[in-house]
Amino acid sequence: MAQGRPVESDVRARAIELIQAGMPRNAIARELQIAPSSVSKIAADEGLSFDRANQTASATAARQHDLKVRRLELIDELVSKATDHLVAIDQPFLAFNFGGKENTYEEHMLDRAPTGDILNLHRAASLALKDARELIRDDDDQGVAEAESMLMNLILELGLHEDE
């Protein structure tokens, strides 16, 4: 790396492009084979910075959105499974067994599931609906926190806060 010499105009222009694109200082220095301090000086001369707060905030917001979409998909799937279980309670039921000394297979079609299976289907539906409700509650709690934060920022911006 050349140190103590002026940075050529084409290298300087490329450094500015990379800074504006959000590339980290040391990565720019390595790519352009100049000192990190030179990259910092170019950024300062151009009024640019390596503050990634906006990028971090955008990435965080995007991640939160992706997670919310996934939770909604899970809620939909859980409710669908619960519905399937409840519908199965009243559907014809195939009862079967293997056994006997000949290890034979027997089956019977019943009008509906036996009591034990009905209980299991009901429990499975209940658990799926409880899990869906918890996911909905998580989204509601997050929405309340976001609203409170937004209102507090608005109050501070309007100068309505008592502590000032």
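Our structure is the block above this text.
Now for a look at the structure at hand. (Residues numbered from 1 in each chain as written. Predicted model: local features only at pLDDT ≥ 70, side-chain atom pairs only at ≥ 80, totals over all residues. Heavy atoms only, no water.)

**Description of the packing of aromatic side chains**
Piece 1. Across all of its chains, the model carries three aromatic pairs by this definition.
Piece 2. Taking 6.5 Å as the distance between ring centres and 80 degrees as the angle between the ring planes, the aromatic pair formed by F96 and F98 counts as edge-to-face.
Piece 3. According to the relative accessible area criterion, F98 is exposed, its value standing at 57%.
Piece 4. Between the aromatic rings of F98 and Y105, the centroid separation amounts to 5.1 Å while the plane-to-plane angle is 50 degrees, which identifies the pairing as tilted. (Phe/Tyr/Trp six-rings, centres within 6.5 Å; stacked < 30°, edge-to-face > 60°. Buried < 20%, exposed > 50% of the residue type's maximum accessible area, 1.4 Å probe, protein only.)

**Side note on the nonpolar core**
A general trend in soluble globular proteins is that nonpolar side chains are found buried together.
Piece 1. If you look at the biggest cluster of nonpolar residues, it comprises twelve residues: V11, A15, I16, L18, I19, I28, A29, L32, I34, V39, I42 and A43.
Piece 2. Elements supplying a minimum of two residues to this core: α1 (9–20), α2 (25–32) and α3 (36–45).
Piece 3. In terms of residue count, α1 provides more of this core than any other element does, five residues in total.
Piece 4. Setting aside chain neighbours within four positions, we find L18 in contact with M23, I28, E31 and L32. (Core = buried A, V, L, I, M, F, W, Y, C linked by side-chain atoms within 4.5 Å. Helix = DSSP H or I, 4+ residues; strand = E, 2+ residues; numbered from the N terminus. Contact = heavy atoms within 4.5 Å.)

**Things to note about the pairing of strand β1 (residues 93–99)**
Piece 1. As paired elements, β1 and strand β2 (residues 104–110) share seven bridges and run antiparallel to each other. Each residue of the ladder has a partner; that of F96, found in β2, is E107.
Piece 2. What sits between the antiparallel neighbours β1 and β2 is a turn of four residues, in which G100 has the positive phi angle 80 degrees. (Pairing = 2+ DSSP bridges.)

**Quick look at the packing of α2 against α3**
Piece 1. Between α2 and α3, whose axes approach to 8 Å, the crossing angle comes to 115 degrees. Our classification of the angle between α2 and α3 gives roughly perpendicular. When you trace α2 past α3, the crossing you get is right-handed. Contacts between α2 and α3 involve R25, N26, I28 and A29 from the former and P36, S37, V39 and S40 from the latter.
Piece 2. Among the residues making up the contact of α2 with α3, the classes are represented as four nonpolar, three polar and one charged. (Axes fitted to C-alpha atoms, helices over the stretch in contact; angles between N-to-C directions. Parallel < 35°, antiparallel > 145°, perpendicular 65-115°, else oblique. Left-handed = near helix turned anticlockwise from the far one by under 90°. Nonpolar A, V, L, I, M, F, W, Y, C, P; charged D, E, K, R; others polar.)

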